[in-house]
Amino acid sequence: MLAPMKPSDLHFGPRDFEVPTGREPVRVTWLGTAGFAIEHAGTVVLIDPYLTRASIPRLLASPLRSDAAAVARHAPRAHAIVAGHTHFDHALDVPTIARRTGARVFGSRSCATLCRAEGVPEAQVTDVESSMRGEPARASVGPFELRFVPSVHSAFMLGRVPFPGDISDCEQVPLRAEKYRCGAVFGVELRVAGRCIYHLGSADLVDARAPGDVDLLLMCVAGWTTTARFTDRVMGAFRPRAILLSHWDDFFSPMGDGAKILPAMRLPRLVEGLTRVDPSVRLGALPLLGAVEL
Ligand SMILES: [Zn+2]
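Rules of the game
- Residues numbered from 1 in each chain as written.
- Predicted model: local features only at pLDDT ≥ 70, side-chain atom pairs only at ≥ 80, totals over all residues.
- Heavy atoms only, no water.
- Helix = DSSP H or I, 4+ residues; strand = E, 2+ residues; numbered from the N terminus.
- Rg over C-alpha atoms; globule rule 2.2 N^0.38 Å.
- Buried < 20%, exposed > 50% of the residue type's maximum accessible area, 1.4 Å probe, protein only.
- Contact = heavy atoms within 4.5 Å.
- Areas by Shrake-Rupley, 256 points an atom, 1.4 Å probe, with all protein chains shown as cover.
- Lys, Arg positive; Asp, Glu negative; His and termini not counted.
- Charge placed at Lys NZ, Arg CZ, Asp CG, Glu CD.
- Pairing = 2+ DSSP bridges.
- Donors = N, O, S within 2.8 Å, 3.2 Å for Na, K, Ca; no water.
- Axes fitted to C-alpha atoms, helices over the stretch in contact; angles between N-to-C directions.
- Phe/Tyr/Trp six-rings, centres within 6.5 Å; stacked < 30°, edge-to-face > 60°.

A. Structural view of the overall build of the protein chain. Across its full length, the protein chain carries seven helices and 14 strands. Taken against the 2.2 N^0.38 rule, which gives 19 Å for 294 residues, the C-alpha radius of gyration of the protein chain at 18 Å falls within 12% of a compact globule. Projected onto its principal axes, the C-alpha coordinates of the protein chain cover approximately 50 × 45 × 40 Å. Each of the 294 residues in the protein chain was classed as buried or not, and the buried ones make up 54%. Summarising the internal contacts of the protein chain: among those between residues at least 6 apart in sequence, 67% fall at separations of at least 24. Within the structure as shown, the protein chain displays about 12500 Å² of accessible surface, and the carbon and sulfur contribution to it stands at 51%. Separation of charge centres in the protein chain, based on 33 positive and 31 negative side chains, amounts to 1 Å.

See below:
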């Protein structure tokens, strides 16, 4: 029986990563769920930013509207926004942030459909699914080199991916939660300032597509227990030096409430599984809006 564990038991400290002297840090801020802001030398890339955090009654009662105030407050700047897939807890706020900041958007065909319906100018939107020709799509954003790596969503709902299929019809926006179909799923590789950061936005992967020797793996926890051999495969595929756990928090409660753990995350088992493969891997979590610099 493993001892109980809270994400706060695992918080990264300020000295967990080193920033080489003489260069600006790469700052990684956790926005809750699978959302991150990654900043270097004045350029900000957002991945799966979800600041609205609608309550369950609101999800059930009406179509979902992005919370403009929460977005403006917690994601004030962006040069690029990436949606790894288009479930609402990854994609709802993407069009609002794109319109507000003028940031470029990278995502699946579903993401592009959603953005167009929500009035994001066409020139800002890149459909990385359609632009792939057998190889992962690539893009440069300021000092960042991005690669969009085909991935899969964990099948955690009785062996199924929740809300499968594409968003193909946005005639009536805003959409209800269940209309945010998953769409194609991507992992995001970011190379910047000599670092390799990889965002795994759902707890499954295409092993052969993963880049090895990742400096920091931004790893989704939700659904990991239903993915076969998840811990062994993640460690084998990414060979990460450090792992930042995400998407373990209750995203039905507002930003102001802080991050509370969702039930059934099985953190002790997860940590044990990851460190059994490589005891030297640094493993941690962050408070909501907490950051590490590397
Ligand atoms: Zn999802």
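Next, the rest of the story.
B. Focus on the pairing of strand E7 (residues 137–141). Residue alternation in E7 divides its side chains into a buried set, Ala137, Ala139 and Val141, and an unburied set, Arg138 and Ser140. In the sheet, E7 pairs with strand E8 (residues 144–151) via five bridges, with the strands oriented antiparallel. Note that in E8 the partner of Ser140 across the bridge is Glu145. Connecting the antiparallel pair E7 and E8 is a turn made up of two residues, with Gly142 showing a positive phi of about 50°.

C. Representation of the coordination of the zinc ion. Binding of the zinc ion to the protein goes through His85 (NE2), His87 (ND1) and His153 (NE2), at separations of 2.2 Å. Summarised as a motif, the one-chain spacing of the donors to the zinc ion is H-x1-H-x65-H. Highlighted residues: His87 in the loop between strand E4 (80–82) and helix H3 (88–91) and His153 in the loop between E8 and strand E9 (185–192), separated in sequence by 66 residues.

D. Broad picture of unusual backbone geometry. Val173 connects to Pro174 through a cis peptide bond whose omega is 0°. Topologically, Pro174 is positioned in the loop between E8 and E9. Of note in the backbone geometry, Asp48 takes a positive phi value of approximately 45° without being a glycine. Along the chain, the position of Asp48 falls in the loop between strand E3 (43–47) and helix H1 (56–61). In this structure, Ala193 takes a positive phi of about 50° despite not being glycine. Take Ala193: it is sitting in the loop between E9 and strand E10 (195–200).

E. Structural view of the pairing of strand E11 (residues 216–220). With five of five residues buried, E11 is to be regarded as a mostly interior element. Taking every second residue as pointing to the same face, both faces of E11 are buried, with Leu216, Leu218 and Cys220 on one and Leu217 and Met219 on the other. As paired elements, E10 and E11 share four bridges and run parallel to each other. In the sheet register, Tyr198 faces E11, and the bridge partner there is Leu217. Pairing between E11 and strand E12 (residues 242–246): four bridges, direction parallel.

F. Structural context of helix H7 (residues 267–277). Within H7, burial applies to Leu267, Pro268, Leu270, Val271, Gly273 and Leu274. Buried residues along H7 sit in contact with E11, helix H6 (230–238), E12 and strand E13 (282–284).

G. Fine view of the sheet that holds strand E6 (residues 125–127). Pairing is mixed across the open sheet formed by seven strands, whose spatial order is E6-E5-E4-E3-E2-E1-E14. Lying at the two open borders of the sheet, with one neighbouring strand each, are E6 and strand E14 (291–293). The average angle at which neighbouring strand axes cross in this sheet is 20°, direction not considered. The strands that helix H4 (residues 94–101) touches are E3, E4 and strand E5 (104–107); relative to E4, the one it contacts most, it runs at about 170°.

H. Region of the structure containing the packing of aromatic side chains. Under the criterion given, the structure shown has eight aromatic pairs. Pairing Tyr50 with Phe88 gives two aromatic rings, centres 5.9 Å apart and planes at 75°, and the pair type is edge-to-face. Of this pair, Tyr50 sits in the loop between E3 and H1 while Phe88 is found in helix H3, placing the two residues 38 residues apart along the sequence. Taken individually, Tyr50 and Phe88 each receive the classification buried, so the pair is uniform in this respect. Note on Tyr198 and Phe238: the rings are 4.7 Å apart at their centroids and 45° apart in plane angle, and the pair reads as tilted. Taken together, the positions of Tyr198 in strand E10 and Phe238 in helix H6 put the pair 40 residues apart, joining distant regions of the chain. A relative accessible area of 2% places Tyr198 in the buried class. We classify Phe238 as buried; its relative accessible area is 1%.

Distances and angles like these do not, on their own, reveal function.
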